[in-house]
Amino acid sequence: MGSWQNGLRTGEDWLRRKLAEAHPAVFALYGGGMAFGTYFAMYAYRKPFTAATFEPVAGWEIDYKIILVLAQIVGYALSKVIGIRVVSEVTPNRRAASILVCVLAAEGALVGFWLVPPPYNAAFLFLNGLPLGMIWGLVFGFLEGRRLSEVLGAILCASFIIASGVVRSVGKWTMNAGLADAYSMPALTGLVFAPLLMICVGGLACMPEPDHADRIARRHRAPMNRAARRALLRAYAPGFAALIVLYVMLTALRDFRDNFAAEIWEGLGYGDSASVFALSEIPGAVIVLVALAALVLIKDNFIALVANFLLIATGLVMITLSTLLFESHILSPLVWMMLLGTGLYLGYTPFSAMLFDRMIANTQAVATAGFLIYVADASGYAGSVALVLLKSFGNLDLAWVDFLILASYATAGFGFVLLFLAMLYFRARLVGHTPGHSLRNAEPERSSLTPR
């Protein structure tokens, strides 16, 4: 056993050295591929149940699927709150094991969802969401603070755009083939993707840490204590607040479109199709992947930050125009959902990686982008809960499609205002100005928030 462990450790060290010496394109394909596969597989433990419809529970007036979606979102949102500390403090050598433990716990909860009858099994979807919300930050921790972070992050972000549709298609197929029912299907789908998950997590564990050139280009990244986290938020509070409110709206719209895709597609006339879940997401994933990866060509961190803002603005424009054209009967339902998804992810995805990575690089803070991502995420999923509650209890007599249209207009309209305010704020604070607060008091030897 000892010799086997030594051999494995030797193999990991050899691969880590080779990756450190590899051509940037090889490193990007390897690191991005491992991150993509890990997060892609994670979605198999989170989203498949949304491809099913569920029978009403006797004595319950509310749709049981809404209860299930809310249970998982609440668990996922709580996970993001916990992740603010866990993700910002976890050490690199514990990331891979933490990912595997979280996914194992999520699969165990899906087994409980299968075996325990409704309505009591809803509690297991809460338990399913509780560990899964931390995986994004753990995976992104392997990628941030590198000269290639945009390429790596873009590949990672493409995973959740594609995976959301693919895992639902797989889940739908298992039910259409008679292999599972609505309750056993999520656990079965998770098992299908378990080998991919384990291979890719092992691959991430072999990645070398950012080198000296990475630290010069993007600042050194290190775990943050409570004082450092609070000081960073205080230093740029107004700008962060505007961005986080915008992200809350984008997350709520994205999650609503995702969690009730089966009902929305049924309302659009595609209720019996399994492939439509994946088909509608792939074009958007390609566009978003190319747009985000192109940011790696921008060396100046502030210009790259502005480019992230412009990508978000482009996404808001696509949401508005595609919905207007659909309502005018110029676009078909399938094309509208493709363009709506593309615009939504152009607006949403920069928050998940590149925006905050470049924002940290514009300061002299020794911090992690994962911390800011999780502050935004914790708020964002609270917005998801609020939107579902509004649809269910807000006395809005709207079909699923009509509610999606209304939410799209509201998100784009308010989003433009918030984005404009955030751009003005950060332009003033990050170009030739001294921030009102510093990290010197919190981390005297490691951190400062003096702008670039």
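Below is a summary of the structure that appears in this document. (Residues numbered from 1 in each chain as written. Predicted model: local features only at pLDDT ≥ 70, side-chain atom pairs only at ≥ 80, totals over all residues. Heavy atoms only, no water.)

## Structural notes on empty space enclosed by the protein
- Scanning the model with the defined rule gives 4 cavities of 30 Å³ or more in all.
- Of the voids in this model, the largest cavity is the one considered here, and its volume is about 90 Å³.
- As for the largest cavity, its lining consists of 14 residues, of which Tyr39, Trp136, Tyr348, Ser352 and Asp377 are closest to the centre.
- Listing elements by their share of the lining of the largest cavity, those giving two or more residues are α2 (24-43), α3 (64-89), α12 (237-259), α17 (333-352) and α19 (369-393). (1 Å grid on protein atoms, 1.4 Å probe; cavity = no way out; pocket = protein on both sides within 12 Å on 5 of 7 lines; lining within 4 Å. Points joined across faces, edges and corners; volume = space filled by probe spheres on them. Helix = DSSP H or I, 4+ residues; strand = E, 2+ residues; numbered from the N terminus.)

## Things to note about the side chain of Thr342
- Checked against the element boundaries, Thr342 lands in helix α17.
- Exposure remark for Thr342: the relative accessible area of 2% places this residue in the buried category.
- Non-local contacts of Thr342, meaning those with residues more than four positions away in its chain, are made with Gly284, Ile287, Val288 and Met318. (Buried < 20%, exposed > 50% of the residue type's maximum accessible area, 1.4 Å probe, protein only. Contact = heavy atoms within 4.5 Å.)

## Concerning the pattern of salt bridges
- In this structure the tally under the stated criterion is 9 salt bridges.
- One salt bridge connects Lys80 with Asp377, and the closest N-O pair in it is separated by 3.1 Å. Of this pair, Lys80 sits in helix α3 while Asp377 sits in helix α19, and the two are 297 residues apart along the sequence.
- With a relative accessible area of 1%, Lys80 lands in the buried category.
- Asp377 gets classed as buried once you look at its relative accessible area, which sits at 4%.
- Here Asp211 and Arg147 are joined by a salt bridge, their closest N and O atoms 3.1 Å apart. (Salt bridge = Lys/Arg side-chain N within 4 Å of Asp/Glu carboxyl O.)

## Structural notes on the layout of surface pockets
- Roughly 380 Å³ of internal volume is contained in the largest pocket.
- Forming the walls of the largest pocket are 21 residues, and the residues nearest its centre are Pro24, Arg147, Leu148, Asp211 and Asp214.
- Sorting the residues of the lining of the largest pocket by element identifies α1 (2-21), α2 and α10 (212-218) as the ones contributing at least two each.
- Broken down by element, the residue count for the lining of the largest pocket peaks at 3 residues, all from α10.
- In terms of residue class, the lining of the largest pocket is made up of 11 nonpolar, 2 polar and 8 charged. (Nonpolar A, V, L, I, M, F, W, Y, C, P; charged D, E, K, R; others polar.)

## Describing the environment of Gly415
- Mapped onto the fold, Gly415 is located in helix α20 (residues 400-430).
- By relative accessible area, which is 0% here, Gly415 ends up buried.
- Taking C-alpha positions, Gly415 is 9.5 Å from Gly347, a pair spaced 68 residues apart along the chain.
- Beyond its immediate stretch of four places on either side in the chain, Gly415 contacts Leu246, Leu316 and Ala410.

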